[in-house]
Amino acid sequence: KQWYQRRVAVGTFFFFTTRPGQGPWPYVIYSFSTFFRYPNDLIPILHKVYKKFAMVQPFSDRLKYVTHPKAQELIKVILRKSTNLCLSADVTSSQQLLDLVEKVGPHICLLKTHIDIVSDFTPDLIEKLKKLSKEYDFLIFEDRKFADLGSTVQKQFSEGVYRISSWSDFINAHVVVGPGIIKGLKSVAQDQGLILIAQMSAAGNLCNETYTQEAMKMAENDRTFVCGFICTKSVSDDQSFLNFVPGVNISSTGDGLGQQWVSPSEAIEKGADVIIVGRGIYQSSEPAETAKEYKEQTFKAYLDLTKE
C-alpha cells in the first residue's frame, strides 16, 4: 500500500508540474506504467487521484463557470479577503450576535444566521447586520432550512416577523418535498441564491446517496436560482455550483449529540469551497483570534490544493 501511495504522489506531481491545463489520463497512465508491471491495476487509484486533484480550480477560474450573481459576489469576497470561512452564529440575543460579528467580521466571507432563535428580535437587528456586512465585506446566509410545500415556503420566506427575502443573500432548503419547494421560494425571491441540502454532518442522518443524487438533479434543472449545496464532501463535478461544508472544528471530532466534525484541511480536501464553523468560534474565549486561525488554516489548505 505504501509503495502504491509513493507512486501516486509521483504521478500527481508529474501531472501538475509538467503538463498544467492538459488532459491527465493518457499522460499520467503512461508515467505510472513505467513503474508498474500491470498498469490496469492503477485505474482505481488514478480515478481517486483524478477526483481529488484534477477538478480543483482556483476561485479566480471558478468565476468563469459560476453563473449565479450572488455566488459570483461571494467568490469575489473570498478573493478580496483571502478567506473562505463562514461563521454559523447560533447565539440567542441580538447583542450577542452583533458583538460576535464585530469581532469576527474581518475574518469571514459569509455570516450564517438562525434568525428565529434570537429571542429579542426586532427589524432593527437586520439593519445593523446589513450595516456590518458592508463594513466588513461579507454576505449573509439565513439558515432557515425550508422544508415544506411551495405555497407554504412562499409565506415563510417573504412574510411573517422575519421577512427573510428582504435581507438575506443566501437561503437553504431540504429537497424532501420535491422541486415544488424550489419553485415556491423562487417565486418570491429577490436576488437570493438557493443552497440545497444534499448531505448533513449529523450521525444517522437520512440523506443517503439517492437523496443526494435527487438534490443534484433539482439543482441542475434550475441554475438561475440554485447556486450550491450543503454537503460533507463535493457532490458534483459541475464547477458552477459551490460546496458549503458544515461540521468543521479544529479541536474536536464530535459533540455527543450526533454532530461529526472534521478539520479545515480535511473539509477542503473533500471539496469544500466554503467551510461552516459555529461552536468552534462562538464558544471560544477569543472568537476573533480563533476565527483568524480558522481562516488561515482553511485558505492555506485551499492554496495548497490549487497551486501548480
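Before going into details, it helps to say that this report is about the structure given with it. (Residues numbered from 1 in each chain as written. Predicted model: local features only at pLDDT ≥ 70, side-chain atom pairs only at ≥ 80, totals over all residues. Heavy atoms only, no water.)

### Some details on the overall build of the protein
In plain terms, the rule: Here a strand is any run of E in DSSP of at least two residues, a helix any run of H or I of at least four, and the numbering for each starts at the N terminus. Burial classification: accessible surface area is computed with a 1.4 Å probe over protein chains only, and a residue below 20% of its type maximum counts as buried, one above 50% as exposed, and the rest as partly exposed. Should any heavy atoms of two residues lie within 4.5 Å, those residues are counted as being in contact.
Tallying secondary structure elements over the protein gives 13 helices and eight strands in all. A total of 308 residues make up the protein; the buried ones form 48% of that total. Here the contacts in the protein between residues at least 6 apart in sequence split such that 66% fall between residues at least 24 apart.

### Considering the state of the cysteines
Heads up, the condition is: Disulfide: a pair of cysteine sulfur atoms within 2.5 Å of each other.
Applying the stated rule across the entire model yields zero disulfides. Free cysteine: Cys-109, not disulfide-bonded; nearest cysteine sulfur from Cys-86 at 6.6 Å. Judged by relative accessible area, which is 0%, Cys-109 ranks as buried.

### Some words on the packing of helix H8 (residues 150-158) against helix H9 (residues 180-188)
In helix packing, the relevant descriptors are the interaxial angle and the interaxial distance, both defined with respect to the helix axes. Defined as follows: For helices, the fitted axis covers only the stretch in contact; all axes are lines through C-alpha atoms, and the angles between them, taken along N-to-C directions, range from 0 to 180 degrees. A crossing counts as left-handed when the near helix is turned anticlockwise from the far one by less than a right angle, and as right-handed when that turn is clockwise. Note that Gly is not counted as nonpolar here; it falls among the polar residues with everything else outside the nonpolar set of Ala, Val, Leu, Ile, Met, Phe, Trp, Tyr, Cys and Pro and the charged set of Asp, Glu, Lys and Arg.
Packing of H8 against H9 brings their axes to within 8 Å, and their N-to-C directions diverge by 35°. In this structure, H8 meets H9 at a crossing whose hand is right-handed. Contacts between H8 and H9 pair Gly-150, Val-153, Gln-154, Phe-157 and Ser-158 from the former with Gly-180, Ile-181, Gly-184, Leu-185, Ser-187 and Val-188 from the latter. Split into classes, the residues belonging to the contact of H8 with H9 amount to five nonpolar, six polar and no charged.

### Some words on the pattern of salt bridges
Selection criterion: Each reported salt bridge corresponds to a side-chain nitrogen of Lys or Arg within 4 Å of a carboxyl oxygen of Asp or Glu.
Using the criterion set out here, one finds 14 salt bridges in the structure. Between Lys-70 and Asp-191 there is a salt bridge whose closest N-O contact spans 3.8 Å. With Lys-70 in helix H5 (residues 69-81) and Asp-191 in the loop between H9 and strand S5 (193-197), this pair connects stretches of sequence that are 121 residues apart. With a relative accessible area of 8%, Lys-70 lands in the buried category. A residue is classified by how much of its surface remains accessible, and Asp-191, at 44% relative accessible area, is partly exposed. Its salt-bridge partner being Lys-128, residue Asp-124 comes within 3.2 Å of it at the nearest N-O pair. With Asp-124 and Lys-128 both in helix H7 (residues 123-136) and four residues apart, the pair spans about one turn of that helix.

### Here's the deal with the sheet that holds strand S4 (residues 170-173)
Note the threshold: Two strands make a pair as long as DSSP finds a minimum of two bridges between them.
Around the barrel, eight strands lie side by side as S1-S2-S3-S4-S5-S6-S7-S8; this closed barrel has parallel pairing. For this sheet, the mean inter-axis angle between neighbouring strands, taken without regard to orientation, is 25°. Pairing of strand S1 (residues 85-89) with strand S8 (residues 274-277) involves three bridges; the strand directions are parallel. By the bridge assignment, Leu-87 is partnered in S8 with Val-277.

### Thoughts on unusual backbone geometry
For Asp-137, which is not glycine, the phi torsion reads 60° and is therefore positive. In the Ramachandran plot, Lys-145 falls in the positive-phi region, its phi being about 50° despite a non-glycine side chain. Within the secondary structure, Lys-145 is located in strand S3 (residues 139-146).

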